[in-house]
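Geometric and topological summary
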Number of protein chains: 2
Amino acid sequence: MVLGLILIGFGSVGREFARLIERKRDEIKTRYPQDGGSRDLTLRITGIATGRHGLAANPAGLNVQAALAAVQSDGRLDGLHVGAPLRDNLELIRAGIADVLIELSPLNPQTGQPAIDHCRAALENGLHVVTANKGPLAHAYRELRDLAAQHKRMFLFESTVMDGAPIFSTYREGLPATTITGFRAILNSTTNFILTQMEQGISFGEAVRQAQAMGIAEADPSNDVDGWDSATKTAVLVNVLMDGDMRPTDVERTGIRAVSPEMLREVAGRGQRVKLVCSARREEPLTPFPSPRSARGEGERIIGRVAPEAVSLDDPLALTTGTTSILQLRSDTLKQLTIIEHDPEPAQTAFGVLADVLAIARHKVWEMIS
Amino acid sequence: MVLGLILIGFGSVGREFARLIERKRDEIKTRYPQDGGSRDLTLRITGIATGRHGLAANPAGLNVQAALAAVQSDGRLDGLHVGAPLRDNLELIRAGIADVLIELSPLNPQTGQPAIDHCRAALENGLHVVTANKGPLAHAYRELRDLAAQHKRMFLFESTVMDGAPIFSTYREGLPATTITGFRAILNSTTNFILTQMEQGISFGEAVRQAQAMGIAEADPSNDVDGWDSATKTAVLVNVLMDGDMRPTDVERTGIRAVSPEMLREVAGRGQRVKLVCSARREEPLTPFPSPRSARGEGERIIGRVAPEAVSLDDPLALTTGTTSILQLRSDTLKQLTIIEHDPEPAQTAFGVLADVLAIARHKVWEMIS
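The paragraphs below set out a description of the structure included in this document. Note that this is a predicted model, so its numbers are computed, not measured. (Residues numbered from 1 in each chain as written. Chains lettered and ligands numbered in written order. Predicted model: local features only at pLDDT ≥ 70, side-chain atom pairs only at ≥ 80, totals over all residues. Heavy atoms only, no water.)

To continue, consider the nonpolar core. For soluble globular proteins, the rule of thumb is that nonpolar side chains tend to be buried together. In terms of nonpolar packing, the biggest core is built from 226 residues, with L5 of chain A together with L5 of chain B touching the most fellow members. Not counting residues up to four positions away in its chain, the partners in contact with L5 of chain B are F17, I21, L43, R44, I45, T46, G47, A98, V100, I102 and V357 of chain B. In terms of nonpolar packing, the next biggest core, distinct from the first, is built from 14 residues, A318 of chain A together with I186, V277 and L317 of chain B among them. (Core = buried A, V, L, I, M, F, W, Y, C linked by side-chain atoms within 4.5 Å. Buried < 20%, exposed > 50% of the residue type's maximum accessible area, 1.4 Å probe, protein only. Contact = heavy atoms within 4.5 Å.)

In structure tokens:
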């Protein structure tokens with residue numbers, strides 16, 4: 001079994017993914033796919049499209065080492081291209097040379113584009129889709145989920161929240177017949193790092209500069225410090241785990257600009273720490289006799305919220321420092337389940353993409369997405 | 001699709017399971033199985049065998065409410081029986097009235113029997129097996145795993161460690177192409193409760209009596225306080241997650257009898273807490289040129305250990321108090337992933353059994369167990 005993959009975006013995650021499938025080549029070949037059939041899976045990158053390094057496709061498989069070398073030396077991919085010229089990403093998607101689109105293009109947090117168009121074109125052309133880009137989940141989840149079901153293709157997105165940590169596969173496979181009633185989480189590493197530094201008495205501005213020097217904050221840090229990244233991830237979790245229909249702008253959102261070292265000291269004196277907490281809960285409808293099906297979302301409203309909160313030191317959220325992230329799920333079956341991912345790097349995000357690709361090879365779980 | 005289930009054991013977990021499938025009946029019917037086919041799943045309990053309340057079978061489905069009422073009033077199940085008499089558990093398994101054996105009999109920690117015989121007979125007779133009993137995993141995992149593969153049946157066991165928390169399904173579905181290199185965990189709620197109480201200055205003996213009064217410690221507490229329960233769970237995790245071949249007696253084991261309130265006070269003065277920590281790691285073979293395949297266990301030894309350890313207050317293990325449990329997995333793909341289950345009760349263990357039953361209905365993942 002050969003799965004042809006095209007990558008849109010070949011930044012740090014895309015390159016780590018290319019290295020990971022090389023490193024795991026033998027294990028993938030001898031152990032997958034796992035759901036019936038003989039085990040002889042080859043993952044073949046047949047196309048790569050980038051913003052700054054051009055585009056290359058080869059139906060027989062690209063030379064991955066050459067592609068890595070070209071991009072790392074700030075060169076072009078075009079010299080690796082075989083076949084008729086392709087003008088843009090959509091032509092690559094429609095070229096009929098792949099089974100799976102891997103969407104790794106830069107996020108546009110306001111619109112989710114052009115990633116949504118990429119996902120839509122892929123599903124309409126019979127490709128499965130794996131996205132590490134949050135945009136399609138925050139802005140077009142229901143449409144893409146239904147489009148995938150209609151075309152009997154998979155639409156997977158493990159790496160959109162908490163990198164490669166198995167959040168969505170746990171929900172899909174480990175929590176069947178379960179209603180998620182709410183969650184609490186710390187999902188933005190930049191603000192978590194800034195708050196951790198400010199606890200040492202460093203000012204907000206200086207902590208932002210440190211984060212920028214480390215490469216974990218943008219030149220314009222507002223996407224992180226004003227809570228937009230957290231709000232986007234909150235909307236993704238609400239849409240997927242709670243069957244909601246939420247956009248980032250629907251999330252009640254307060255960033256960390258008003259947090260001061262003095263506030264952190266005062267809170268520490270009470271045995272607490274300030275964290276930028278993402279949360280969601282179901283609000284019961286105001287009816288005297290709620291329907292027994294209301295737990296599935298009928299008639300009730302889901303409230304999503306991002307705000308600095310003082311958390312007690314005996315709460316696992318308080319231990320979540322630096323770039324570590326945490327998700328606490330409340331449900332009607334398991335009460336409370338907590339998942340912590342420790343200090344992820346791009347290699348962990350790339351692993352989440354591989355897990356999704358292997359799920360496509362392994363299972364035919366169309367039904368889960370319909 | 002109808003799945004006939006027989007339960008061996010009808011204690012608190014079995015009764016919670018019976019209530020859970022009643023409560024989730026509509027959701028199971030309309031949403032499962034999820035892997036192809038029409039969705040119309042009915043779970044039907046066709047046999048129940050107990051140690052003290054007799055045995056009943058009915059190929060058309062037992063009256064579950066009547067079975068619950070009989071056992072709760074300390075009565076007998078035999079009045080519900082329909083069909084030829086069945087003398088014992090093995091005759092029930094071989095009666096051809098079920099698709100799945102649910103093994104919930106009391107654990108014999110030394111031998112794993114008679115649960116191993118139940119699992120073996122079920123697989124040989126074409127039944128899938130779900131066990132919440134750790135014995136078969138600690139004493140006969142490889143044999144039963146291979147027997148299941150040979151008969152193309154599933155052998156699942158989510159509830160054997162950390163109740164219903166999705167440990168094994170996360171390993172199976174969320175961590176593909178991954179080598180677990182080690183773990184740390186707190187898995188025994190009785191000792192964790194005792195240590196939490198002793199931190200308040202209460203003696204070991206008094207804390208044991210409190211645990212006994214609460215029903216979380218046995219009259220003879222040695223299975224917990226001498227670390228046998230933790231060692232059994234450590235062996236299960238090593239066998240399943242690390243492809244080991246370990247018995248509880250192979251685990252280096254120190255219980256908590258030597259821990260004193262004074263020791264806990266001294267450790268607290270250093271910003272630490274004492275926990276009964278389960279752990280495992282791979283020990284590299286003593287060769288100058290280790291084989292590149294050694295990560296899969298060839299030539300190397302796995303060390304399993306249970307011992308009181310002083311853990312720092314900024315370690316999530318230190319926050320694990322009362323009956324909460326925690327597992328930290330280290331791997332070659334995700335670095336470190338932590339899963340915490342908060343204050344489980346029998347209903348959560350029953351949920352793990354349901355998750356396994358729905359996995360049987362949903363997927364044909366024979367390959368994962370071979």
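Now that the structure has been shown, the text picks up again.
All names here are of chain A. Across all of its chains, the model carries eight aromatic pairs over all chains by this definition. Among the aromatic residues, ring-to-ring pairing joins Y141, F155, F157 and F168 into one connected group. R253 extends its terminal NZ or CZ atom over the ring of W228, reaching a point 3.8 Å from the ring centre. (Phe/Tyr/Trp six-rings, centres within 6.5 Å; stacked < 30°, edge-to-face > 60°. Lys NZ or Arg CZ within 6 Å of the ring centre and 35° of its normal.)

Let's shift gears to the pairing of strand 4 (residues 100-103) of chain A. Along any regular strand, the residues point their side chains to alternate faces of the sheet. All names here are of chain A. Side chains V100 and I102 project from strand 4 onto one buried face, and the interleaved L101 and E103 project onto a second face that is buried too. Both strand 1 (residues 2-8) and strand 4 contribute to a ladder of four bridges, which runs parallel. Note that in strand 4 the partner of I8 across the bridge is E103. Judged from the four bridges that link them, strand 4 and strand 5 (residues 128-131) form a sheet pairing that is parallel. (Helix = DSSP H or I, 4+ residues; strand = E, 2+ residues; numbered from the N terminus. Pairing = 2+ DSSP bridges.)

Its rotation angle being 180 degrees, the transformation that places chain B on chain A also includes 0.0 Å of axial translation and leaves an RMSD of 0.0 Å. These values place the two chain copies in the arrangement generated by a two-fold rotation axis. Among all residues of chain B, the minimum C-alpha distance to the rotation axis is found for I339 of chain B, at 2.4 Å. Taken together, the interface assignments show that 100% of the residues at the interface of chain B recur at the interface of chain A, consistent with an identical surface on both copies. (Least-squares fit on C-alpha atoms with pLDDT ≥ 70 in both.)

This part covers helix 5 (residues 115-124) of chain B. Residue and element names in this part refer to chain B. Judged by how many residues are buried, helix 5 sits mostly within the fold: seven of 10 residues are covered. Within the sequence span of helix 5, burial applies to A115, I116, H118, C119, A121, A122 and L123. The inward-facing, buried residues of helix 5 abut strand 1 (2-8), helix 4 (89-93), strand 4 (100-103), strand 5 (128-131), helix 6 (135-150) and strand 6 (155-156). One or two positions beyond helix 5, positive phi appears at G126, with a value near 85 degrees.

Moving on to the interface of chain B and chain A. Each side of the interface is counted separately: chain B has 54 residues, and chain A has 54 residues. Regarding the contact of chain B and chain A, the summed buried area is about 4,700 Å², with carbon and sulfur atoms giving 53% of it. Applying the counting criterion to the chain B and chain A interface returns four salt bridges. Across the contact surface, chain B and chain A share 19 residue pairs in polar contact (both at pLDDT 80 or more). Elements with a minimum of two residues in the side of chain B that touches chain A: helix 2 (25-31), helix 7 (168-174), strand 12 (335-341) and helix 13 (346-362) of chain B. Tallying contributions element by element places strand 12 of chain B first for the side of chain B that touches chain A, with seven residues. Residues belonging to the side of chain B that touches chain A are distributed by class as follows: 19 nonpolar, 16 polar and 19 charged. Summarising the sheet, strand 12 (residues 335-341) of chain A and strand 12 of chain B pair through five bridges and their orientation is antiparallel. Each residue of the ladder has a partner; that of I340 of chain A, found in strand 12 of chain B, is T338 of chain B. (Buried area = accessible area lost by both parts, 1.4 Å probe. Salt bridge = Lys/Arg side-chain N within 4 Å of Asp/Glu carboxyl O. Polar contact = N/O pair within 3.5 Å; in protein donor to acceptor, adjacent residues only side chain to side chain. Nonpolar A, V, L, I, M, F, W, Y, C, P; charged D, E, K, R; others polar.)

Attention now goes to the packing of helix 1 (residues 12-23) of chain A against helix 3 (residues 64-72) of chain A. Residues and elements named next belong to chain A. One can describe the packing of helix 1 onto helix 3 by two numbers: an axis separation of 11 Å at closest approach and a directional angle of 155 degrees. In terms of orientation, helix 1 and helix 3 fall into the roughly antiparallel class. Judged by the twist between their axes, the crossing of helix 1 over helix 3 is left-handed. Seen from helix 1, the contacting residues are R15, A18, R19 and E22; seen from helix 3, they are V64, Q65, L68, V71 and Q72. For the contact of helix 1 with helix 3, a count of residues per class yields four nonpolar, two polar and three charged. (Axes fitted to C-alpha atoms, helices over the stretch in contact; angles between N-to-C directions. Parallel < 35°, antiparallel > 145°, perpendicular 65-115°, else oblique. Left-handed = near helix turned anticlockwise from the far one by under 90°.)

Before going further, it helps to examine empty space enclosed by the protein. This structure, assessed with the given rule, holds three cavities of 30 Å³ or more. A volume near 60 Å³ is recorded for the largest cavity. Forming the boundary of the largest cavity are 13 residues, of which E173 and G174 of chain A together with E158, S169 and A355 of chain B lie nearest the centre. Secondary structure elements with two or more residues in the lining of the largest cavity: helix 7 (168-174) of chain A together with helix 7 and helix 13 of chain B. (1 Å grid on protein atoms, 1.4 Å probe; cavity = no way out; pocket = protein on both sides within 12 Å on 5 of 7 lines; lining within 4 Å. Points joined across faces, edges and corners; volume = space filled by probe spheres on them.)

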